[in-house]
Amino acid sequence: MRIFNGVSQYNCEGETCLTVGTFDGVHIGHKKILKKLISTAKQNGWRSVLLTFYPHPRKVIFPDDHGLKMLNTLSEKLALLESIGIDDVIIQPFSKEFSRYEPIEYVRDVLKAKLAMRHIVIGYDHRFGKNREGGIEQLRELAPLYDFDITEISALDVDEVNVSSTKIRKALENGETDIASTYLDYSYHFTGVVVAGESRGKELGFPTANLEIEDDTKLIPRNGVYAVRVELDGNQIHGVMNIGHKPTFSENEPKSIEVHLFEFDKDIYGKELIVTLVAYLRSETKFGSADALINQLEDDKSRALEILG
């Protein structure tokens, strides 16, 4: 898969079959659209192309109130798209200037002139151009003028995509990892860098890696304890993760993400961990003593080992 930083950098090498969107999560609904894109491109000898935007348009238009909770970081999304088999992904840097394209200019000067669009796969409710004034009706009017065809994703299929995204976010916020995995068609994961903590876990006999998530729009699941698989330097390690405020120690602890890796005791400060959620074990609890907490952590480890195999 080729990746291009902006439409101005795109080297089309022939005509393209194109789709446009965020595709956050690259879940089962998205895959239905992308498989249609790829099959149409292959049948006609075109390149399959996804045009997406970074940062998310809402973050640019509403910088102080975007309310974004993304299922994927950009690097996670690119890895998922590559596994599906798309030829090219164009990451257009989104700006207020780019948002001011008139709809006809966007189709003529961007999609057709720069991306060599011969066919577009798009939802019935897709909006584009300045103030989101363009839509499927305008695409139909412009298609014969600029020589391209349209595959319109029906209301039913678009709603399926939207419902999937909504259900995934809701499931993760409720700790329902099995539901999230079903709609994603993979286990939810995130990437964090190990930073220094207060070493409380080590004092309890359960040393933890404290994670810092660099992307502030990445959706963090419900507070609580999870069985997880962790990728470190290409190796997989089992463990348990706690997300929350550690109420046993203080009423005002800042929210943290801590992972205890089984049978592991190495200095990994500054290392990058990919944490995959396997199962939600329990909610965060305030214990009456350190001994009570230790007993619960032993139970958590036993349950996680059973689940992780």
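Residues numbered from 1 in each chain as written. Predicted model: local features only at pLDDT ≥ 70, side-chain atom pairs only at ≥ 80, totals over all residues. Heavy atoms only, no water.

**Student:** Explain the overall build of the protein to me, and be specific about the residues and the numbers.
**Tutor:** Secondary structure assignment for the protein yields nine helices and 12 strands. Principal axes of the C-alpha set define a box for the protein whose edges measure 75 × 40 × 35 Å. When the 309 residues of the protein are sorted by exposure, 49% land in the buried category. In the protein, the proportion of contacts linking residues at least 24 apart, taken out of those at least 6 apart, comes to 73%. Within the structure as shown, the protein displays about 15300 Å² of accessible surface, and the carbon and sulfur contribution to it stands at 47%. (Helix = DSSP H or I, 4+ residues; strand = E, 2+ residues; numbered from the N terminus. Buried < 20%, exposed > 50% of the residue type's maximum accessible area, 1.4 Å probe, protein only. Contact = heavy atoms within 4.5 Å. Areas by Shrake-Rupley, 256 points an atom, 1.4 Å probe, with all protein chains shown as cover.)

**Student:** Outline helix α3 (residues 74–84), supporting the account with residue identities and numerical values.
**Tutor:** Every buried residue of α3 is accounted for by Glu76, Lys77, Leu78, Leu80 and Leu81. Turning to α3, the residues buried within the fold contact β1 (2–4), α1 (28–44), β3 (47–54), β4 (88–93) and β7 (189–195). A positive backbone phi angle near 110 degrees is found at glycine 85, which sits one or two residues after α3.

**Student:** Break down the packing of aromatic side chains for me, with residues and values.
**Tutor:** Inspection of the entire model under this criterion finds eight aromatic pairs. Ring centres of phenylalanine 4 and tyrosine 10 lie 4.9 Å apart, and the angle between their planes is 85 degrees; on these two criteria the pair is classed as edge-to-face. Each member of the pair, phenylalanine 4 as well as tyrosine 10, is classed as buried. Here phenylalanine 53 and phenylalanine 94 contribute two aromatic rings whose centre-to-centre distance is 5.7 Å and whose plane-to-plane angle is 80 degrees, an arrangement assigned as edge-to-face. Residue phenylalanine 53 is found in strand β3, and its partner phenylalanine 94 is found in the loop between β4 and α4 (103–112); the two are separated by 41 residues along the sequence. Each member of the pair phenylalanine 53 and phenylalanine 94 is classed as buried. By way of ring pairs, the aromatic residues Phe53, Phe94, Phe98, Tyr101, Tyr106 and Phe128 are connected into one cluster. (Phe/Tyr/Trp six-rings, centres within 6.5 Å; stacked < 30°, edge-to-face > 60°.)

**Student:** Residues and numbers for α4, please.
**Tutor:** Each α-helix turn comprises 3.6 residues. Residues three or four places apart therefore point the same way. If you check which residues of α4 are buried, you get Pro103, Tyr106, Val107, Val110 and Leu111. Viewed end-on, α4 has its buried residues packed into an arc of 115 degrees, placing them on one side of the element. Taken together, the buried residues of α4 touch β2 (16–20), β3, β5 (117–123) and α5 (136–146). (Arc of directions from axis to C-beta.)

**Student:** Describe in detail unusual backbone geometry, supporting the description with residues and values.
**Tutor:** The step from tyrosine 54 to proline 55 runs through a cis peptide bond, and the omega angle for that step is 0 degrees. Checked against the element boundaries, proline 55 lands in the loop between β3 and α2 (57–61). With a phi close to 55 degrees, asparagine 131 is a non-glycine residue in the positive phi region. In this structure, asparagine 131 sits in the loop between β5 and α5. We classify asparagine 131 as exposed; its relative accessible area is 60%. Its identity is not glycine, yet glutamate 263 carries a phi of approximately 50 degrees, on the positive side. By secondary structure assignment, the location of glutamate 263 is in the loop between β11 (256–261) and β12 (272–282).

**Student:** If you had to explain the nonpolar core to someone new, which residues and values would you point to?
**Tutor:** Phe190, Met241, Leu273 and Val275 are the most contacted members of the largest nonpolar core, which has 49 residues in total. Ignoring sequence-local partners within four residues, the contact set of valine 275 consists of Tyr188, His189, Phe190, Leu211, Val228, Arg229, Val230, Met241 and Val259. (Core = buried A, V, L, I, M, F, W, Y, C linked by side-chain atoms within 4.5 Å.)

**Student:** Requested: an account of the side chain of histidine 260, with residues and values cited.
**Tutor:** As for its position among the elements, histidine 260 is in strand β11. Among the residues examined, histidine 260 registers a relative accessible area of 8% and is labelled buried. Within polar-contact distance, the side chain of histidine 260 engages the backbone oxygen of proline 207 at 2.8 Å. Once residues lying within four places of it in the same chain are set aside, the contact partners of histidine 260 are Phe206, Pro207, Thr208, His238, Gly239 and Val240. (Polar contact = N/O pair within 3.5 Å; in protein donor to acceptor, adjacent residues only side chain to side chain.)

**Student:** Lay out the pattern of salt bridges with the relevant residues and their values.
**Tutor:** In a structure, side chains of opposite charge can pair up when their charged atoms sit close to one another. For the structure on display, the rule yields 17 salt bridges. Close ionic contact of aspartate 147 with arginine 118 constitutes a salt bridge, the shortest N to O distance being 3.8 Å. Here the residue aspartate 147 occupies a position in the loop between α5 and β6 (149–153), and arginine 118 occupies one in strand β5, the gap between them amounting to 29 residues. Owing to a relative accessible area of 43%, aspartate 147 belongs among the partly exposed residues under this scheme. The buried category is assigned to arginine 118, whose relative accessible area is 18%. Overlapping salt bridges, with partners in common, bring together Arg2, Glu13, Arg47 and Asp88 in one network. (Salt bridge = Lys/Arg side-chain N within 4 Å of Asp/Glu carboxyl O.)

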